[in-house]
Amino acid sequence: MEWRDFRAITFRTGHQAWHEVEAPTVYRTTTTATTGPLLGLPEGEALFAVDRLLSDPHTETRALHRVLIPFATAANEAEQLGEAPDTEPEQIYATLTAAGHKLTWEETVSARMPLPDERATLQIPDATPIVHATRITLGTDQRPLILEDLRAGADRTQLAYHLTADSPRKLRAV
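The shown structure was predicted, so the numbers you read here are calculated from the model rather than taken from an experiment.

J.: Go over the overall build of the protein chain, please, and point to the residues and values.
T.: Across its full length, the protein chain holds 5 helices and 7 strands. Taken from N to C terminus, the helices and strands of the protein chain fall in the order β-β-α-β-β-α-α-α-β-α-β-β. Of all 174 residues assigned to the protein chain, the portion counted as buried reaches 41%. Sequence-distant contacts in the protein chain: of pairs separated by 6 or more residues, those separated by 24 or more amount to 60%. As presented, the protein chain carries roughly 9800 Å² of accessible surface, and 53% of it is formed by carbon and sulfur atoms.

This is the structure in structure tokens:
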């Protein structure tokens, strides 16, 4: 699966080549000790969550994709996200841009062993790690607007990036 550098009004996430295995699951949840700081919110803040199970039609590789939309983003930045939180990511970006934001992204990629339910859902062999990519969409004021999470088997995953020198980032070890 490929996530792209979004510098135009039309957004593409790379999901178009993948198909949904099942309808997206939409639910309400709250920020956790992990998601709260990423969204710049305290623990327990209300969120819309959308979970998608995607599959590459050529390789049958599966990926879990989650979008977390704070209620504040839906209420203050893009009302339609509150009415239809299962909007495709590229349309969410377009909606936020239309609301006046110049979007930027911060992404972190790691690998870890899958939880049992992830292994089953992704249909990956035992002892196979997963790639876990976390993307924060930031608005004009560099305030986090949404959080995306992508998980896929590391044996069948490649993440590609287009990097430019206009926004250097520090490398950090964990």
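J.: Go over the packing of aromatic side chains, please, and point to the residues and values.
T.: A full pass over the atoms with the stated rule returns 2 aromatic pairs. Ring centres of Tyr93 and Trp105 lie 5.3 Å apart, and the angle between their planes is 80°; this geometry places the pair in the edge-to-face category. Remark: Trp105 occurs in strand E5 (residues 104-112) and Tyr93 occurs in helix H4 (residues 89-98); sequence separation between them is 12 residues. With respect to class, Tyr93 is no different from Trp105; both count as buried.

J.: Kindly report on the pattern of salt bridges, identifying the contributing residues and their values.
T.: All chains considered together, the criterion is met by 10 salt bridges. When the shortest N-O distance is used, the salt bridge between Asp51 and Arg66 registers 2.6 Å. Here Asp51, found in strand E3 (residues 46-55), pairs with Arg66, found in strand E4 (residues 62-70); they are 15 residues apart in sequence, far enough to count as distant. For Arg66, a relative accessible area of 25% translates into the label partly exposed.

J.: Can you tell me about the confidence of the model for the protein chain, naming the residues and giving the values?
T.: Interpretation of the predicted coordinates at a detailed level should be avoided for regions scoring low in pLDDT. Across the protein chain, the average pLDDT comes to 86, with 85% of residues at 70 or higher. In the model, residues 1-13 has pLDDT below 50 throughout and makes 41 contacts with residues more than four positions away in sequence or in other chains.

J.: Requested: an account of the nonpolar core, with residues and values cited.
T.: Ranked by size, the top nonpolar core spans 13 residues in total, and within it Ile69, Leu81, Ile92, Leu96, Leu103 and Ile146 carry the most contacts. When residues of this core are traced back to their parent elements, those giving at least two are E4, H4 and strand E7 (144-153). In terms of residue count, H4 provides more of this core than any other element does, 3 residues in total. Apart from residues no more than four positions distant in its own chain, Ile146 is found in contact with Leu39, Val67, Leu68, Ile69, Pro70, Thr73, Ile92, Tyr93, Arg135, Ile136 and Thr137. Core analysis: the next-biggest nonpolar cluster, separate from the first, contains 7 residues, Leu39, Leu47, Leu68 and Ile136 among them.

J.: Please give an account of the pairing of strand E6 (residues 130-138) that cites residues and values.
T.: Most of E6 sits inside the fold, with 9 of its 9 residues counted as buried. Alternating residues of E6 divide into Ile130, His132, Thr134, Ile136 and Leu138 and Val131, Ala133, Arg135 and Thr137, and every residue in both groups is buried. Sheet topology places E6 next to E7; 9 bridges connect them, and they run antiparallel. If you follow Ala133 over to E7, its bridge partner there is Leu150. Once E6 ends, the chain turns through 5 residues before running back antiparallel as E7, passing Gln142 with a positive phi of about 65°.

J.: Which residues make up the side chain of Arg151, and what values go with them?
T.: Considering the arrangement of structural elements, one finds Arg151 in strand E7. For Arg151, a relative accessible area of 10% translates into the label buried. Side-chain polar atoms of Arg151 contact the side chain of Glu118, separated by 2.8 Å. Ignoring sequence-local partners within four residues, the contact set of Arg151 consists of Ala63, Leu64, Arg66, Arg112, Glu118, Leu122, Ile130, Val131 and His132.

The rules we used
- Residues numbered from 1 in each chain as written.
- Predicted model: local features only at pLDDT ≥ 70, side-chain atom pairs only at ≥ 80, totals over all residues.
- Heavy atoms only, no water.
- Helix = DSSP H or I, 4+ residues; strand = E, 2+ residues; numbered from the N terminus.
- Buried < 20%, exposed > 50% of the residue type's maximum accessible area, 1.4 Å probe, protein only.
- Contact = heavy atoms within 4.5 Å.
- Areas by Shrake-Rupley, 256 points an atom, 1.4 Å probe, with all protein chains shown as cover.
- Phe/Tyr/Trp six-rings, centres within 6.5 Å; stacked < 30°, edge-to-face > 60°.
- Salt bridge = Lys/Arg side-chain N within 4 Å of Asp/Glu carboxyl O.
- pLDDT = per-residue confidence, 0-100.
- Core = buried A, V, L, I, M, F, W, Y, C linked by side-chain atoms within 4.5 Å.
- Pairing = 2+ DSSP bridges.
- Polar contact = N/O pair within 3.5 Å; in protein donor to acceptor, adjacent residues only side chain to side chain.

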